[in-house]
Amino acid sequence: MQILKNDRLIRALLRQPVDTTPIWIMRQAGRYLPEYRATRERAGDFMTLCRTPELACEVTLQPLARFPLDAAILFSDILTVPDAMGLDLYFVEGEGPRFRRTLRSAADIDALACPDPEHELRYVMDAVRLIRRELNGSVPLIGFSGSPWTLATYMVEGGASREFAHIKGLLYDQPTVLHRLLTRLADTVTDYLNAQIRAGAQAVMIFDTWGGILTPTAYRAFSLDYMHRIVDGLTRENEGRHVPVTLFTKGGGQWLEAMADTGCDALGLDWTVDIADARRRVGDRVALQGNMDPAVLYANPTRIREEAASIIGAYGSGNGHVFNLGHGIHPQIDPDHVATLVDAVHHAGKPTANP
Ligand code: CP3
């Protein structure tokens, strides 16, 4: 078993004692970093960055060279999975992701490819192996996937959406067809995450960016149940260590108890939730990750420090807090403000700073 020099993240996710609160940042490798923009320019387009393990590794490590973050997150995208299922992903500058093919009928769903993660998504596994080699045990590597529901929204809409007309139409009009797609996706995501774990991911996170647009009943039936199946199917032990699983439903604050019931190790929180209240509700069943409003990083360093300390204070003493933003960092943020945040968290998170 390779020794992890900094294992704060894994310890906090397993609710074990730590010397200070660990922090990583959603989208920590991204456009707010000039070095990311330079590599992206060199690659030409975003998918080339994802598909070239050397470049994916390079940008994964960029934020760690600048800031003493407690984890690396694989540089990739949730939409590589539908791409590998045959939908042909591309990005339109300034407009986000698009698919050349979309799904509207049961026949479209039945025609989807069943990707073997070590073949069609081999470039992701190669990136994981390369990043682990380069990290050399300094900090853990987080792997990830989209939730079946969130992937399905992009696959059925053909890209980003505001009203989710097609997928919600399918949900209410032909629920059986949608369940067929979600079952396929849950199986594919389980294989994909297990392959990432075998390749060296030391924790995994499921991003359910669009679970929060559902009614409570639909959330359970069309999002949570499929994440539950994935949690049940994951290899939770690798290299002699437990591999923690984090579920993040953006806008899912009212369903935290049900999410904790899946048997995951941690829940990601967006900034609309009071973390003290969340902790009271889930008790010691899961760790909590979050939950600063990403927009706080527009403020001055003093305000950033105050907000970080206030979240850490609200979580309170004891184990099980991983600091993060409530969603991805915005591209306009000054990297110096990120340096301030990381320092503030490590300072305020020391048990002596928060008796
Ligand atoms: O967190 C990290 O640093 C790891 C990298 C990561 C990316 N995407 C890189 C990326 C992760 C974890 C994701 C997940 C992802 N991708 C989600 C779930 C999390 C969330 O943000 O809700 C979703 C919904 C996507 C789909 C996606 N990918 C969208 C909507 C966009 C366009 C929006 C944008 O910011 O331009 C992407 C592109 C994308 N994925 C970029 C990055 C760094 C920007 C691409 C660029 O360089 O132009």
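Residues numbered from 1 in each chain as written. Predicted model: local features only at pLDDT ≥ 70, side-chain atom pairs only at ≥ 80, totals over all residues. Heavy atoms only, no water.

Under the annotation held in an unreviewed UniProt entry, the protein carries the name Uroporphyrinogen decarboxylase and is attributed to Acidihalobacter yilgarnensis. In UniProt, the protein has this text filed under Function (unreviewed entry): "Catalyzes the decarboxylation of four acetate groups of uroporphyrinogen-III to yield coproporphyrinogen-III." What UniProt states about the protein under its Sequence similarities (unreviewed entry) heading is, verbatim, "Belongs to the uroporphyrinogen decarboxylase family." (UniProt positions renumbered as here; feature names shortened; annotations may be inferred.)

A. Structural context of the UniProt feature "binding site: substrate" (unreviewed entry) in the protein. What UniProt calls "binding site: substrate" (unreviewed entry) maps, in this numbering, to Arg 27, Gln 28, Ala 29, Gly 30, Arg 31, Asp 77, Tyr 154, Thr 209 and His 327. In summary, the annotated positions, distributed over 301 residues, remain apart in three dimensions as well, the widest C-alpha pair reaching 22.8 Å. Within the secondary structure layout, Tyr 154 lies in helix H8 (residues 148–157). For Tyr 154, a relative accessible area of 13% puts it in the buried group. Dropping the residues within four chain positions of it, Tyr 154 is found in contact with Ile 78, Leu 79, Pro 97, Phe 99, Gly 159, Ala 160 and Trp 210. Relative to the helices and strands, Thr 209 resides in the loop between strand S5 (203–208) and helix H11 (216–233). A residue is classified by how much of its surface remains accessible, and Thr 209, at 14% relative accessible area, is buried. When neighbours within four sequence positions are excluded, Thr 209 is seen to be in contact with Thr 150, Lys 250 and His 327. (Helix = DSSP H or I, 4+ residues; strand = E, 2+ residues; numbered from the N terminus. Buried < 20%, exposed > 50% of the residue type's maximum accessible area, 1.4 Å probe, protein only. Contact = heavy atoms within 4.5 Å.)

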